[in-house]
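# Coordinate analysis (summary)
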Amino acid sequence: MRVIRASELAQYAYCAKAWWLGSVQGVASSNTRELAQGEQTHRAHGRRVWLAGALRTAALAIMAIAAIIVFVALWR
């Protein structure tokens, strides 16, 4: 059984004939440079999203440590 990806659905919705030519007939796309650039842009965006999550986690950890230090300082 073949898995149909969301990108294929989008391609089919945009142009059913282009999807058919690529997926069924196996005709290679003529805009490979643009596709490669799009993949590179998506990878770079994914790295930025991951970094934002990592920085958020680090900020929360630092805030928790600071709160503990303040609590200990006030407790004495």
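From a predicted model like this one, the values you see are computed outputs, not experimental measurements.

### Regarding the environment of C15
- Following the sequence through the fold, C15 ends up in the loop between α1 (6-14) and α2 (16-24).
- Note on C15: relative accessible area 29%, which makes it partly exposed.
- Counting along the chain gives 61 residues from C15 to R76, while the straight-line C-alpha distance between them is 70 Å.

### Details of the packing of aromatic side chains
- In total, this model carries two aromatic pairs according to the counting rule given.
- On the basis of an interplanar angle of 85° and a centroid distance of 5.4 Å, the ring pair of Y12 and W19 is categorised as edge-to-face.
- Overall, W19 belongs to the buried group, its relative accessible area being 18%.

Rules used throughout
- Residues numbered from 1 in each chain as written.
- Predicted model: local features only at pLDDT ≥ 70, side-chain atom pairs only at ≥ 80, totals over all residues.
- Heavy atoms only, no water.
- Helix = DSSP H or I, 4+ residues; strand = E, 2+ residues; numbered from the N terminus.
- Buried < 20%, exposed > 50% of the residue type's maximum accessible area, 1.4 Å probe, protein only.
- Phe/Tyr/Trp six-rings, centres within 6.5 Å; stacked < 30°, edge-to-face > 60°.

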